[in-house]
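Here is what each chain is made of, one letter per residue.
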Amino acid sequence: MLRIPALDLPPLQGADGTVHLPGSKSISNRVLLLAGLAAGETVVHGLLDSDDTQVMLAALAALGCGVRRVEQAGRETLTHITGLGGRLRVSQASLFLGNAGTAMRPLAATLAVLASTQGGRFELSGVPRMHERPIGDLVDALRPLGCQIEELGTPGYPPLRLTGRPGGQLNTGEPIRVRGDVSSQFLTALLLALPLATGERDIVIEVQGELISKPYIEITLNLLARFGIEVRREGWQRFTLPCSHGASPYRSPGRVDVEGDASSASYFVALGAIAAHGGAPVRIEGVGLDSIQGDIRFVDAAKAMGAQVRSGPNWLEVRRGRWPLAGITLDCNHIPDAAMTLAVMALYADSPTRLTGIASWRVKETDRIAAMAAELQKLGAHVEAGDDFIEVSPPTTWRTAALHTYDDHRMAMCLSLAAFNPLVATAAPPSLPIRILDPQCVAKTFPDYFESLLDLAQARPEDVPVITIDGPTASGKGTLAAEVAAALGWHLLDSGALYRAAGLAAVADGVLPDDEGGVAAIAQTLDLRFGQGLEAGRTWLRGREITHDLRQESTGLLASRVSALPAVRAALRGLQQAFRRAPGLVADGRDMGTALFPQAALKVFLTASAAERAERRHKQLISKGIAANIDSLRADLEARDARDKGRSASPLRPAEDALLLDNSHLSIEASVQQVLGWWQQRSPFALATAGDK
Ligand code: C5P
């Protein structure tokens, strides 16, 4: 997939509407591992589809589990896992686990135990940052059991090699001691893996030091129970896994429903608290206040800052309450991930916000305390940070900024909320775009986060940047516009398609292409749908797919006739302008720069000789297996050019401030780079990024 280097968010004015949350990462990866260890098949509903679950699925497949994704037309994809029943199917594997702590720690414990008792040799590695995230406390807990673990890089960190011989015994007579004050994932890893070693006796795990992030342990215990393992606990210090009398202890419940991700919900709870000021709430579907995920307690903190929250089974509704928000002081030990969102809400408060108990931020995807401090300061906030706290005072003067995301999904999602700066309650509120660098790092847990956010957010049309690309038929503007839009992460308007569809609709209704009133009436209520996501590139008219018909030469000629009628052009105006939505629009056609978007920030006019264009169109048709004659193609092109240029309504001509691009001898790639280069020169971030690498 194309990696977009930056996403510019225009200043955003408000938000309402419904978001459907992706599945919880913590629940998804725990369920996958448990299903992989149990016997038989588990069908997982609502599994998160993201980088971190992909690596877990790939690891399970490499270990011999059955992994099947079943797409159901129009509904969620189901994941079928056939587990190992506690018996290794492969004795060697090298598993790459990206930056997924929820895969690395539990798989390390599981494979250490399996290799020690059944024999095997397994290597676990990840991206460079994964090799900086500690695992030594888990290794120290496993070694006294008799597990053979080699640290292949820096001691205390992945990559790891886990080995053992068949028939090995584990020393489970003594309590297993693990530190609880660096990452709760070490205890989770032991709790998930050690049922494999419960033969004729119970296994006891003792936590040393104060256990952090207890709610994550509750998720682990809850899911273990669903797989038939009832862990007894005494406070948060001592956990006992019951003996299994030699049988495989994990029993699949058959079906598991994964809740929406409560940490991901925090961005939309914050969105409601900041931006749902018009009456309608931000509605979040996938989690309710009865969630088993600890991060749902973020809602209490958001309420303390001013949010108004209602909840029901699996939903939340959030509106702005107090405004500006109130600064708070909070020990965030119980909501380590969602607490980051409070640091950004603090920008909208009328007093400082101090978050404590967040030392674990330093060993997450990045050093989140340092990262958050650096980026919020760029926006103008005053930030103080220490080993385990951060204090954010809202900016007195907001600044626009290109914000780094540190390959950390939560940094990207949090920082996006700074785009609501026009809502700041001062006499002269700022109205600044912000730039999110490497926005696709959100794929770790929420691949379509920005689409979801921008679906709910409102921007003033004049704040949404537009690039227009006009030019004659077959000049390559469609391809160029699509590629520029993809590189910027913007919406695309192929205005020719609207005239084509209007022509097709007229023919279908028996209206002649020169019946101005008739065609205009049809154009006015054109029921047209462009596919998004997996359906990108496909088009439906009145519910019928017209993708193929739309691209026919005959349809182009039809479009050129109906588009010459002023009433038809007027009828399609509103529909075209509605494409101007955040974060931006690339519009291609004949009059995008002259008539539709005269204020566009960048206007490009493509020129290429008729001979060159005829040749391109010829190649295109031949490659699709359509017979074509180059001379008649050229004659058709010239006729269409003449009609487009000669008509009274919006004749084809470059806007006065358009930049001309003769692409007769340029590759598509070179043309794309040229347009992106021009855009970069005009963007408010041109200087900010240059000095900010
Ligand atoms: O760009 P495309 O070939 O799809 O456009 C089909 C026809 O629609 C063009 O030949 C032109 O006459 C008309 N058109 C227009 N104004 C636009 C886009 C297309 O008149 N903005």
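For the structure itself, look to the data block above.
Residues numbered from 1 in each chain as written. Predicted model: local features only at pLDDT ≥ 70, side-chain atom pairs only at ≥ 80, totals over all residues. Heavy atoms only, no water.

(A) Quick peek at the packing of aromatic side chains. All told, the structure shown has nine aromatic pairs when counted by the stated rule. A ring pair is formed by Phe 446 and Tyr 449, whose centres lie 5.4 Å apart and whose planes are at 75°; its orientation type is edge-to-face. The two residues Phe 446 and Tyr 449 agree in class, both being buried. Directly above the aromatic system of Trp 323 lies the positively charged group of Arg 320, at a separation of 3.7 Å from the ring centroid. Here Arg 354 stacks its cationic end above the ring of Phe 389, 4.2 Å away from the centre of that ring. (Phe/Tyr/Trp six-rings, centres within 6.5 Å; stacked < 30°, edge-to-face > 60°. Buried < 20%, exposed > 50% of the residue type's maximum accessible area, 1.4 Å probe, protein only. Lys NZ or Arg CZ within 6 Å of the ring centre and 35° of its normal.)

(B) Fine view of the environment of Gln 237. Tracing the sequence through the fold places Gln 237 in the loop between strand S13 (232-234) and strand S14 (238-241). Using a relative accessible area of 41% as the deciding quantity, one classes Gln 237 as partly exposed. Separated by 62 residues in sequence, Gln 237 and Pro 175 place their C-alpha atoms 12 Å apart. With residues near it in sequence (within four places) discarded, Gln 237 still touches Ile 205, Glu 206, Val 207 and Gly 209. (Helix = DSSP H or I, 4+ residues; strand = E, 2+ residues; numbered from the N terminus. Contact = heavy atoms within 4.5 Å.)

(C) Representation of the nonpolar core in the model. Core analysis: the biggest nonpolar cluster contains 85 residues, and Phe 268, Leu 376 and Phe 420 have the highest contact counts within it. Not counting residues within four places of it along the chain, the set of residues in contact with Phe 268 comprises Val 19, Leu 21, Val 282, Ile 284, Phe 446, Tyr 449, Ser 452, Leu 453 and Leu 456. Ranked by size, the runner-up nonpolar core spans 79 residues in total, among them Leu 60, Met 104, Ile 219 and Val 256. (Core = buried A, V, L, I, M, F, W, Y, C linked by side-chain atoms within 4.5 Å.)

(D) Molecular detail of the sheet that holds strand S15 (residues 255-257). Spatially, S5-S6-S4-S15 is the arrangement adopted by the four strands of the open sheet, whose pairing is mixed. Each edge of the open sheet is held by one strand with a lone partner, namely strand S5 (66-70) and S15. In this sheet, adjacent strand axes meet at a mean angle of 20° when their direction is disregarded. Relative to strand S6 (residues 78-82), strand S4 (residues 41-45) runs antiparallel, the two sharing four bridges. By the bridge assignment for S6, Thr 42 is matched with Ile 81. Its contacts with the sheet put helix H1 (residues 25-37) on S4, S6 and S15, and the angle it makes with S6 is roughly 35°. Here helix H2 (residues 51-62) sits on the sheet and contacts S5 and S6; the angle it forms with S5, its principal contact strand, is near 135°. (Pairing = 2+ DSSP bridges. Axes fitted to C-alpha atoms, helices over the stretch in contact; angles between N-to-C directions.)

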